[in-house]
Amino acid sequence: MTAAALPGDPRSSIGGAGTARAFCVLAPNPSPMTLDGTNTWIVAEPDSDLAVVIDPGPLHEGHLAAVVAAAERMGKRVALTLLTHGHHDHAEGAARFAELTGSRVRALDPALRLGDEGLAAGDVVTTGGLELRVVGTPGHTSDSLSFHLPADGAVLTGDTVLGRGTTMVAHPDGRLGDYLDSLRRLQRLTRERGVDTVLPGHGPVLQDARGAVEYYLAHRASRLAQVETAVELGHRTPAEVVSHVYADVDRALWPAAELSVRAQLEYLTEHGLI
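Note that the structure is a prediction, hence the values are computed from the model and not measured.

Within this structure, the stated rule accounts for one aromatic pair. Here the aromatic rings of tyrosine 215 and tyrosine 216 are separated by 6.4 Å at their centres, their planes lie at 75°, and the arrangement is edge-to-face. Against the face of tyrosine 246 rests arginine 223, its NZ or CZ located 4.2 Å from the ring centre.

Written out as structure tokens, the structure is:
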């Protein structure tokens, strides 16, 4: 299957220019959970000397230095660091990165902030003429945010939408009902706000944002139906449901799948479906 035939029309390469205003530096932390590694995004207006960095990534000195060097090659100074959420592969390096750059760190979770300003849905971040609109996208985690980049018709999604495969709902902090609402919120951006590009936290850039989000919604509906059927067949525990529903998935991913199953069972119970 060609890349163009995959959900979201992913690019064939990872890293480098994502849009006119967004450049990706790939962290050297590949794994079954992080795919090729964490995407750290440098975002700036082309004619500005100020940049925003989204998700500095893990506490890896070489990677953090590479991000600073990439910004400098672009003629930019990092003025602000933003976090999509608090998972270590996105946020662990933030405090050290702030030391290297002198930048503030803004996040939804107060524990992750460095400076007086937080982040909340509806905020508009403006730095060096750049405009980023904060979109609340809880579900993967309770503190998950996405960043709408109107000038490029793009959205930076962290782990809410990945460049390849689908994400987990990290139960109990993440909740499936919240996640489905977040996907619908992103869907509205693709339909009403001209968003056609996903700049994900892992994996390649997606060139068909609407197709990607609609695939995610369809996938979640399918998984919910499979979990409901598994329970009807007598598979009661999360581990039993995973072995039945995710039998064709790499076993290395089963612990993450179990978190998603717990979230799905909770959702089905709350809605009186099991």
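Time to look at helix α7 (residues 254-270). An α-helical segment advances 3.6 residues per turn. Residues three or four places apart therefore align on the same side. Helix length check: α7 (17 residues) gives 24 Å between terminal C-alpha atoms against 24 Å at 1.5 Å per residue, within 8%. For α7, the set of buried residues is Trp254, Ala256, Ala257, Ser260, Val261, Ala263, Gln264, Leu265, Tyr267 and Leu268. Each element contacted by the buried residues of α7 is listed here: α4 (176-192), α5 (209-232) and α6 (238-245). Glycine 272, located one to two residues past α7, shows a positive phi value of around 70°.

Take the packing of α4 against α7 next. Two numbers describe how α4 lies on α7: the axes approach to 8 Å, and their chain directions differ by 95°. In this view, α4 runs roughly perpendicular relative to α7, as classed from their interaxial angle. Residues Leu176, Gly177 and Leu180 of α4 form the contact with α7, whose participating residues are Ala263, Gln264 and Tyr267.

Another aspect to go through is the sheet that holds strand β3 (residues 39-43). One open sheet holds the six strands; their spatial order is β1-β2-β3-β4-β5-β6, and the pairing between them is mixed. The open sheet has two free edges, formed respectively by β1 (16-17) and β6 (104-106), since each of these has just one partner strand. The pairing of strand β4 (residues 50-54) with strand β5 (residues 77-82) spans five bridges and is classified as parallel. Paired with valine 52 across the two strands is leucine 80, which belongs to β5. Docked against the sheet, helix α1 (residues 61-73) engages β2 (22-26), β3, β4 and β5, running at close to 150° with respect to β2. Contacting β4, β5 and β6, helix α3 (residues 94-101) runs over the sheet at an angle of about 160° to β5.

Cut-off values and rules
- Residues numbered from 1 in each chain as written.
- Predicted model: local features only at pLDDT ≥ 70, side-chain atom pairs only at ≥ 80, totals over all residues.
- Heavy atoms only, no water.
- Phe/Tyr/Trp six-rings, centres within 6.5 Å; stacked < 30°, edge-to-face > 60°.
- Lys NZ or Arg CZ within 6 Å of the ring centre and 35° of its normal.
- Helix = DSSP H or I, 4+ residues; strand = E, 2+ residues; numbered from the N terminus.
- Expected span 1.5 Å × (residues − 1).
- Buried < 20%, exposed > 50% of the residue type's maximum accessible area, 1.4 Å probe, protein only.
- Contact = heavy atoms within 4.5 Å.
- Axes fitted to C-alpha atoms, helices over the stretch in contact; angles between N-to-C directions.
- Parallel < 35°, antiparallel > 145°, perpendicular 65-115°, else oblique.
- Pairing = 2+ DSSP bridges.

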